[in-house]
Amino acid sequence: MGPPGAGKGTQAKGIAERYGIPAISTGDIFRTNVKNETPLGLKVKEIMNAGGYVGDDITNGLIANRLAEEDARGGFLLDGYPRTPAQVEALDGMLAELGEKLDAVVSLTADTDEVVTRLLKRAEIEGRADDNEETIRTRLDVYAKETAPLLATYADRGLLVEVDGLGDIDEVGQRIADALEAKKA
Ligand code: ADP
């Protein structure tokens, strides 16, 4: 978990590789669907471009299907999910059904100035439709309002691992690895 621009996607790939598990990114799945103009993509395009959250039913259904796939049997990393209380509840239900539980919730922190700078830079490189100044502000607001409170939920459950997202990619990756190993011990 972490605000837009904290580096979730980048670090998710690193963690997944380290543990030999799939990184499941709701944002990536939605973007692929938008790009391919699938029925799902057509449904979510507008809200994504505006910086809002896709509806819980759609998002929960997507994750339920994805977690049912064979490659998720040996573990998985969720990137960008859950982001609302209803998604936390839905995930709890899915995990109970699968007989699995979360090992940890990584919170990647970065201050607002830094994430805005990163997102504007990414806009130049990748040209993501939602990386413009107005949408970035919306995404940060939505994160603060809808998702940041969930950190307390996972902290209460003893699952939260907070990691400073400032620094180069490898440095942050090492911090996450160390924090997860320390949690395991
Ligand atoms: P960011 O790091 O900017 O939040 P993501 O790739 O994680 O980027 O998400 C991009 C967009 O995809 C979000 O702004 C939202 O519209 C949609 N999205 C991704 N995950 C979720 C989710 N769990 N619930 C609702 N919408 C989501």
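What you see is a predicted model, and the numbers here were worked out from it, not measured in a lab. (Residues numbered from 1 in each chain as written. Predicted model: local features only at pLDDT ≥ 70, side-chain atom pairs only at ≥ 80, totals over all residues. Heavy atoms only, no water.)

(A) View of the environment of T10. With respect to the helices and strands, T10 occurs in helix 1 (residues 8-19). Measuring from C-alpha to C-alpha, the distance between T10 and T138 comes to 22 Å, with 128 residues separating the pair along the chain. (Helix = DSSP H or I, 4+ residues; strand = E, 2+ residues; numbered from the N terminus.)

(B) Quick look at the environment of I24. Examined against the element boundaries, I24 turns out to sit in strand 1 (residues 23-25). On the basis of relative accessible area, I24 is assigned to the buried category, the value being 1%. Separated by 52 residues in sequence, I24 and F76 place their C-alpha atoms 7.2 Å apart. In this structure I24 touches I29, I63, R66, L67, F76, L77, L78 and D79, once residues within four positions along its chain are discounted. (Buried < 20%, exposed > 50% of the residue type's maximum accessible area, 1.4 Å probe, protein only. Contact = heavy atoms within 4.5 Å.)

(C) Spatial organisation of the site of the ligand. The immediate surroundings of the ligand are formed by 17 residues, with T26, G52, G80, R83 and R139 found nearest. Between an oxygen atom of the ligand and a side-chain N or O atom of R128, the distance comes to 3.2 Å. Between the ligand and R139 there is a distance of 2.4 Å, counted from an oxygen atom to a side-chain nitrogen or oxygen. Considered on its own, the ligand offers 550 Å² of accessible surface; in the complex 96% of this is hidden by protein. Among the residues forming the shell around the ligand, the class breakdown is six nonpolar, six polar and five charged. (Near = heavy atom within 4 Å. Polar contact = N/O pair within 3.5 Å; in protein donor to acceptor, adjacent residues only side chain to side chain. Areas by Shrake-Rupley, 256 points an atom, 1.4 Å probe, with all protein chains shown as cover. Nonpolar A, V, L, I, M, F, W, Y, C, P; charged D, E, K, R; others polar.)

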